[in-house]
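# Understanding the architecture of this molecule
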Amino acid sequence: MPYPSKSRLARKPSTRLLLTLACLLASSSAALATTVASHGESQSVDPARYFATPAAERTARAAIKQRFDALRTSNSTLHIETDFHTLEALFGECLDHYAYHELIAAQDASDRVASAARDDVEALCGDIASTAKALVRTAPAAARWAQPYAYLAARSARAEAHALPAVAKPMAAAADTALGRFEHAHRLATQGTGFPTMTVGSRVMNVADDFHTLMALPDEAARKQAWTLHHDAMLQRKPALADALIGIAALRDGLAVTRGYTSAPEQAYAGMGLGVTEVDTALHALQSHASSFAAYQALSETSGNSDPAPWNDEAPRAGFSPPAMSMEQVRQIAMRAAARLGPEHVAQIGAVLDPAGGRMDFASQLGRRKRDAFSITAPHSTSVLYVGHRRGDTESDVEVVHEGAHAVHGQLMNAHGTSPLFRHGTSWLEETFALLDEFLYRDQLVSEATTLGARDYYQRGLLRDLALQLFISAEEAQLEAAIHQGVHDGTVRGPDDLDALAVQMRTLHEGGFSGHAGQNTTWAGKRLFYQDPLYLTNYLFAGLVAVKLYALSAEDPGFAARYAQVQARGFDREPGEVVEELIGHPVDWTQLADDDVTLFNARVAALNHPDPGQ
């Protein structure tokens, strides 16, 4: 059950950006002096917004558990409707406790007590939700009270059909322990403290933690040095990372088969409300547009730098330094960008990002904070935004807007009294909503640019994002599925096999584009391959839908009203039905891909032939 949203942007820095294609590298900060000057902003959210004291939280949590235990042990079927709504309310209260501990654990990632408490609360919330779902599954077909929860019952029934057999639970527990060790090994291998540093001016910079900033330096020799140091450090870690990834894939595959699935990808897709056929259809649809991706990549090489190497992709054209924006500046742009989504959305994004509102937790230095970004939403409190490390660059600003959009969604559900059981749904649909705000923010930067240099810089940032969500997402999803399949059938046994698969995927999705040799090892830099296997497939579908919604927000006068209604209602129906309501016709993944690439091609053409009036 996903409580905080998963930020892909939060997982882009360092390892991911080093080894991906040039188009994956995100647009970044201005010159170092401007970036460093912007690092003074920081804010902290007070956990007392949830509970006045730790003792008050513990007392309230104990009361929830006591009420839940009493209801669970009653074994009564006489009051199923009352019991269900009691569980529904208890789940909402439990989410308040989860929000409290999620915030504290993020503010100090070294606080093991806080992390353990968060995990305990998550388990309690999960148990309450599972019990509620079991009740609604057993409700009589004619029960009116259960009808609004039909999707909840159907989704729960699908998962229950693949419940872990009791005899396999000891094995599953051992596998979970082993998975945790592999994930820990990955974190140790990729943590910034183990990477080289270099001195830039008077500042010592880490080539992992400060990768974005280093890639935006005006000195190409310094950028190349940083990229090379990072690349070489990752190559040293390649055997250990391969062992961890193959071990994770083998364990996940075994657990999936034990649950009655044919493979780990099939299980993951089922959890997304998708079948293998739907995923294959979307992948092949985007593969068919490899020529568009190749044309974009060729254009992206003309960024004004002498060498189209990956260390030059983030640097703006000579003579332009993108400004480092204050949080208030980001807020104002985000509000203007959200105008396409209606006045309530504008008001909510403005409230979340208001520096005076006390709803943001971010810092200019990571310190002991959790390296992540997410919204924290709960039924009985205004949603908040957490950003572990806010840098002074465009990508960090986009991350803020993306996660702010998740916070807005949570607040809209609060305002409309949405059931706590509908607060979280299929991950790709959750990400679709945040991506739309992200695209609109980038679009606003383009529209407000006052010079050719600024317009070019922000257009390239928007195009990189669109390419990431469409083409790179497809490549990532197919690469990860191929890795799991290769581990399953014994053809993937080491780093060379993983490299070969990465090359194969590049050939399929990039039209034979030849990138830097280091990009053959893309698998090593994809943090979610290790920390949340097969989650990246969510972005394939989120991207396909979000790009379509981005187009509709400009073309369809009725879109904003439909969008507001869907967001307020929460996740109360099948994700395909939600998409159909938003786009106005049945979902056809091939057609969506075609429409999205048409928009993408038009944006590439606009970059190639800039408006002479700008």
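For clarity, every value in this text was computed on a predicted model and none was experimentally measured. (Residues numbered from 1 in each chain as written. Predicted model: local features only at pLDDT ≥ 70, side-chain atom pairs only at ≥ 80, totals over all residues. Heavy atoms only, no water.)

When helices and strands are counted, the protein shows 23 helices and five strands. Looking at the 614 residues of the protein, the share that counts as buried comes to 58%. Considering only contacts in the protein between residues 6 or more positions apart, those separated by 24 or more positions represent 78%. As displayed, the protein offers around 23000 Å² of accessible surface, 54% of which is attributable to carbon and sulfur atoms. (Helix = DSSP H or I, 4+ residues; strand = E, 2+ residues; numbered from the N terminus. Buried < 20%, exposed > 50% of the residue type's maximum accessible area, 1.4 Å probe, protein only. Contact = heavy atoms within 4.5 Å. Areas by Shrake-Rupley, 256 points an atom, 1.4 Å probe, with all protein chains shown as cover.)

Glancing now at the side chain of Gln-287. Considering the arrangement of structural elements, one finds Gln-287 in helix H11 (residues 276-287). In this view, Gln-287 contacts Gln-478, Leu-508 and His-509; residues no more than four positions away in its chain are not counted.

The three strands are arranged E3-E5-E4 in an open sheet whose pairing can be described as mixed. In this open sheet, the two edge strands, each paired with only one partner strand, are strand E3 (360-362) and strand E4 (373-378). Averaged over neighbouring strand pairs, the angle between their axes works out to 15 degrees when direction is ignored. Pairing of E4 with strand E5 (residues 381-387) involves five bridges; the strand directions are antiparallel. By the bridge assignment for E5, Ile-376 is matched with Val-384. (Pairing = 2+ DSSP bridges. Axes fitted to C-alpha atoms, helices over the stretch in contact; angles between N-to-C directions.)

Of all the bends in helix H9 (residues 220-258), the greatest reaches close to 50 degrees and is centred on Lys-238; the proline Pro-239 follows between one and four positions later. Looking at where H9 begins, the residue whose side-chain oxygen comes 3.0 Å from the main-chain nitrogen of Ala-221 is Asp-219. Gly-260 sits one or two positions beyond H9 and adopts a positive phi of about 95 degrees. (Bend = angle between axes of the 7 residues up to and from the residue. Polar contact = N/O pair within 3.5 Å; in protein donor to acceptor, adjacent residues only side chain to side chain.)

With that out of the way, let us pick up the pairing of E5. Burial analysis of E5 places six of its seven residues in the buried class, the great majority of the element. Bridge count between E3 and E5: three bridges; the pairing is parallel. What sits directly across from Phe-362, in E5, is Val-387. The hairpin formed by E4 and E5 contains two residues between the paired strands.

As a packed pair, helix H4 (residues 80-107) and helix H5 (residues 112-137) sit with axes 8 Å apart at the nearest point and diverge in direction by 160 degrees. The angle between H4 and H5 places the two elements in the roughly antiparallel class. Viewed along their axes, H4 and H5 form a crossing whose handedness is left-handed. Taken together, the residues of the contact of H4 with H5 break down into 20 nonpolar, four polar and four charged. (Parallel < 35°, antiparallel > 145°, perpendicular 65-115°, else oblique. Left-handed = near helix turned anticlockwise from the far one by under 90°. Nonpolar A, V, L, I, M, F, W, Y, C, P; charged D, E, K, R; others polar.)

Taken as a whole and assessed by the stated rule, the structure comprises 19 aromatic pairs. With centroids separated by 5.6 Å and ring planes inclined at 75 degrees, the aromatic side chains of Phe-433 and Tyr-563 adopt a geometry described as edge-to-face. Of this pair, Phe-433 sits in helix H16 (residues 427-448) while Tyr-563 is found in helix H21 (residues 559-569), placing the two residues 130 residues apart along the sequence. According to the relative accessible area criterion, Phe-433 is buried, its value standing at 3%. Residue class for Tyr-563 comes out buried when judged on its relative accessible area of 1%. Three or more aromatic residues joined by ring pairs form one cluster here, namely Phe-84, Trp-145, Tyr-149 and Phe-422. In this structure, Arg-49 packs its charged tip against the face of Tyr-50, placed 6.0 Å from the ring centre. Across from the ring centre of Phe-362, 5.9 Å away, lies the NZ or CZ of Arg-390, which sits over that ring. (Phe/Tyr/Trp six-rings, centres within 6.5 Å; stacked < 30°, edge-to-face > 60°. Lys NZ or Arg CZ within 6 Å of the ring centre and 35° of its normal.)

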